[in-house]
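Coordinate analysis (summary)
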Amino acid sequence: EYRGVGCWQPVSLSPCLPISPIPDPRSPTPHPVRVLVIAGSGSNCGKTFVAERLIPALDRAHRREAEQARPRPGGGGPITPPPAGVAVLKVTPWRPGKHALPFDAALPFQLHTAPEIIRTPGKDTARLLAAGAAEVAWLIAREERMAAGVADALAWFSARPTPPALLVVEGNSALPHARPDAALFVLRPGAALAPKHLAAAAGCGLLVVNHGVPASPARVGDVYTTDPLSAVTEAEVCGRFPPERRIDLPPGAAAPDSPVWLALADGLPRLALAPEE
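The paragraphs below set out a description of the structure included in this document. As the structure is a computational prediction, the values presented were derived from the model and not from experiment. (Residues numbered from 1 in each chain as written. Predicted model: local features only at pLDDT ≥ 70, side-chain atom pairs only at ≥ 80, totals over all residues. Heavy atoms only, no water.)

1. A few points about the overall build of the chain
For the chain, the helix and strand inventory stands at eight helices and eight strands. A burial count over the chain gives 45% of its 277 residues as buried. Of the contacts formed within the chain by residues at least 6 apart in sequence, a portion of 80% connects residues at least 24 apart. Carbon and sulfur atoms make up 59% of the accessible area of the chain, which totals about 13700 Å². (Helix = DSSP H or I, 4+ residues; strand = E, 2+ residues; numbered from the N terminus. Buried < 20%, exposed > 50% of the residue type's maximum accessible area, 1.4 Å probe, protein only. Contact = heavy atoms within 4.5 Å. Areas by Shrake-Rupley, 256 points an atom, 1.4 Å probe, with all protein chains shown as cover.)

2. Regarding the environment of Val208
Relative to the assigned elements, Val208 resides in strand E7 (residues 206-210). A residue is classified by how much of its surface remains accessible, and Val208, at 0% relative accessible area, is buried. The spatial distance from the C-alpha of Val208 to the C-alpha of Leu264 is 9.9 Å, given a sequence separation of 56 residues. In this structure Val208 touches Val50, Leu184, Phe185, Val186, Leu187, Ile247 and Leu249, once residues within four positions along its chain are discounted.

3. Points about the environment of Ala137
Within the fold, Ala137 resides in strand E4 (residues 135-142). Taking the C-alpha atoms as reference, Ala137 lies 7.5 Å from Thr125; in sequence the two are 12 residues apart. Among residues more than four places away in sequence, those in contact with Ala137 are Val88, Leu89, Lys90, Leu111, His112, Thr113, Ile118, Trp156 and Phe157.

4. What to know about the pattern of salt bridges
On inspection of all chains with the given rule, the structure shows seven salt bridges. With its nearest N and O atoms 2.6 Å apart, the salt bridge here joins Glu170 to Lys90. Placement of the pair is Glu170 in strand E5 (residues 166-170) and Lys90 in strand E2 (residues 86-94), with a sequence separation of 80 residues. Neither residue differs from the other here; Glu170 and Lys90 are each classed as buried. Each of Glu52, Lys90, Asp124, Arg127 and Glu170 takes part in a single network of salt bridges with overlapping partners. (Salt bridge = Lys/Arg side-chain N within 4 Å of Asp/Glu carboxyl O.)

5. So, the pairing of strand E3 (residues 109-112)
Of the two faces of E3, the one carrying Phe109 and Leu111 and the one carrying Gln110 and His112 are both buried. Relative to E4, E3 runs antiparallel, the two sharing four bridges. Following the sheet pairing, Gln110 is matched in E4 by Ile140. (Pairing = 2+ DSSP bridges.)

6. Notes on the sheet that holds strand E8 (residues 246-249)
Note on sheets: strands pair through backbone hydrogen bonds, and any given pair is parallel or antiparallel. Taken together, eight strands build an open sheet; the order of strands is E3-E4-E2-E5-E1-E6-E7-E8 and the sheet is mixed. Edge positions in the sheet fall to E3 and E8, since each of these pairs with one other strand and no more. Each strand of the sheet is rotated relative to its neighbour by a mean of 20°, with strand direction disregarded. Both strand E6 (residues 182-187) and E7 contribute to a ladder of four bridges, which runs parallel. Along E7, the bridge assignment pairs Leu187 with Val209. Packed on one face of the sheet, helix H4 (residues 146-158) meets strand E1 (34-40), E2, E3, E4 and E5 and runs near 160° to E4. (Axes fitted to C-alpha atoms, helices over the stretch in contact; angles between N-to-C directions.)

All we've got here are geometric facts, nothing functional implied.
So, in structure tokens, the structure goes:
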């Protein structure tokens, strides 16, 4: 049920306790919605940019699939309404003093769905909605409660009157917990890399090297580690992916109608599954 404005949480449990059980890793179907996770090499690598461009391409691919699966006249049986296209879950870890976020520090996590938050001009959530997402929610969670937050967010989307055909989850923090059907890693050349980025890349099946969007001047030179011995090189990240699982986005790919996006959307089911070790 809802409590407050756009915050999804059971009211019967103490906010100091896990709000929902972590899915059993042995379960073959932890959620009925197909999930694509977009991870990346930092907060300014282009994850939202890639999601913006992929949403309409994925939606077109979904509608084509739905049309092909629709029963033909005289085939008998009811016509099942198609799922509601592509929805997006934005995932942000909360750390004290680091973010000015709409987050109640007394809670383990919050799932925002209210329009006054999602549609805030300039926010990633507003950009994703404008790109054509059927629905956008924003999960903000303490890192130690991220698993419970992701589980509740997936349950929320699954329980919608018309669940999405595909849920795009943006954020590295969700990758270990969402158990996605597919995942891709966005690398911005020149980004400062740490072991956590290499670990995220290891959980993805497709590398997208983003030359299409320059770094924000305010974020150039981001440092994610102060220990030179723990730094990770671009070569180490790229080395996780064979050539057929790497896509380079040139600057011209920024156009929403660039063929690269439709080709990427069509190839995701095949390319973005993390290869087994």
